[in-house]
Amino acid sequence: MDSKIIFSYKDLYITRVDFDRLKNLLREKITEKKAKQTDDRKSLFNIILALRDMLIDKGIYKNQAEIIEYLANEEEGYGLSGSNLRDKFAEANKLKKSN
């Protein structure tokens, strides 16, 4: 036997209380997702800064500008333009200062 529920949209209703509960639940889920995205973004920026610091500390590059120049000129096809890299490093540095 099929387990189908047949109804018309005219027969379907939701109470105000249930609607408010659903609305609040959706808000919570959206907030949780945004918080997770923010945490993931912070982690990626921390990785960028750690790699930058390692490359400078080991003497491979003198500074962040040299790293950006190398990546922008040598690693085509990854979306690593000079302006994009400068923006990402700036955002990572700003995040680090705010912590």
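Worth saying up front: this structure is predicted, and the values here are computed from it rather than measured.

Draft legend 1. Seen up close, the overall build of the protein chain. Across its full length, the protein chain carries three helices and zero strands. In sequence order, the protein chain lays out its α and β elements as α-α-α. A compact globule built from 99 residues would reach a C-alpha radius of gyration of about 13 Å, whereas the protein chain, at 24 Å, exceeds it by more than 25%. Judged by the C-alpha coordinates and their principal axes, the protein chain covers about 70 × 35 × 25 Å. Across the 99 residues of the protein chain, 11% fall into the buried class. Summarising the internal contacts of the protein chain: among those between residues at least 6 apart in sequence, 43% fall at separations of at least 24. As displayed, the protein chain offers around 8700 Å² of accessible surface, 55% of which is attributable to carbon and sulfur atoms. Side-chain charges in the protein chain split into 20 positive and 17 negative, and the spacing between the mean points of these groups amounts to 6 Å.

Draft legend 2. Broad picture of the nonpolar core. In terms of nonpolar packing, the biggest core is built from five residues, these being Tyr61, Ile67, Ile68, Leu85 and Phe89. Put simply, the parts of the chain that give this core at least two residues each are helix H2 (64-74) and helix H3 (82-98). The contacts of Ile68, once residues within four sequence positions are left out, are Gly82, Leu85, Arg86 and Phe89.

Draft legend 3. Layout of the packing of H2 against H3. With their axes 9 Å apart at the nearest point, H2 and H3 run at an angle of 145° to one another. In this structure, H2 crosses over H3, and the sense of that crossing is right-handed. Note on element contacts: H3 touches H2 through Gly82, Leu85, Arg86, Phe89 and Asn93, opposite Gln64, Ile67, Ile68, Leu71 and Ala72. Looking at the contact of H2 with H3 residue by residue, the classes come out as six nonpolar, three polar and one charged.

Draft legend 4. Seen up close, the packing of aromatic side chains. Applying the stated rule across the entire model yields one aromatic pair. Seen in terms of ring centroids, Tyr61 and Tyr70 are 5.9 Å apart; in terms of plane orientation they differ by 45°. Their pairing is tilted. The class for Tyr70 is partly exposed, based on a relative accessible area of 37%.

Draft legend 5. Representation of the side chain of Arg52 in the model. With respect to the helices, strands and loops of the structure, Arg52 is situated in helix H1 (residues 16-57). Taking the relative accessible area as the measure of exposure, Arg52 reaches 11% and is therefore buried. Not counting residues up to four positions away in its chain, the partners in contact with Arg52 are Gln64, Ile67, Phe89 and Asn93.

Quick notes on the rules
- Residues numbered from 1 in each chain as written.
- Predicted model: local features only at pLDDT ≥ 70, side-chain atom pairs only at ≥ 80, totals over all residues.
- Heavy atoms only, no water.
- Helix = DSSP H or I, 4+ residues; strand = E, 2+ residues; numbered from the N terminus.
- Rg over C-alpha atoms; globule rule 2.2 N^0.38 Å.
- Buried < 20%, exposed > 50% of the residue type's maximum accessible area, 1.4 Å probe, protein only.
- Contact = heavy atoms within 4.5 Å.
- Areas by Shrake-Rupley, 256 points an atom, 1.4 Å probe, with all protein chains shown as cover.
- Lys, Arg positive; Asp, Glu negative; His and termini not counted.
- Charge placed at Lys NZ, Arg CZ, Asp CG, Glu CD.
- Core = buried A, V, L, I, M, F, W, Y, C linked by side-chain atoms within 4.5 Å.
- Axes fitted to C-alpha atoms, helices over the stretch in contact; angles between N-to-C directions.
- Left-handed = near helix turned anticlockwise from the far one by under 90°.
- Nonpolar A, V, L, I, M, F, W, Y, C, P; charged D, E, K, R; others polar.
- Phe/Tyr/Trp six-rings, centres within 6.5 Å; stacked < 30°, edge-to-face > 60°.

Just geometry here; none of it tells us what the structure is for.
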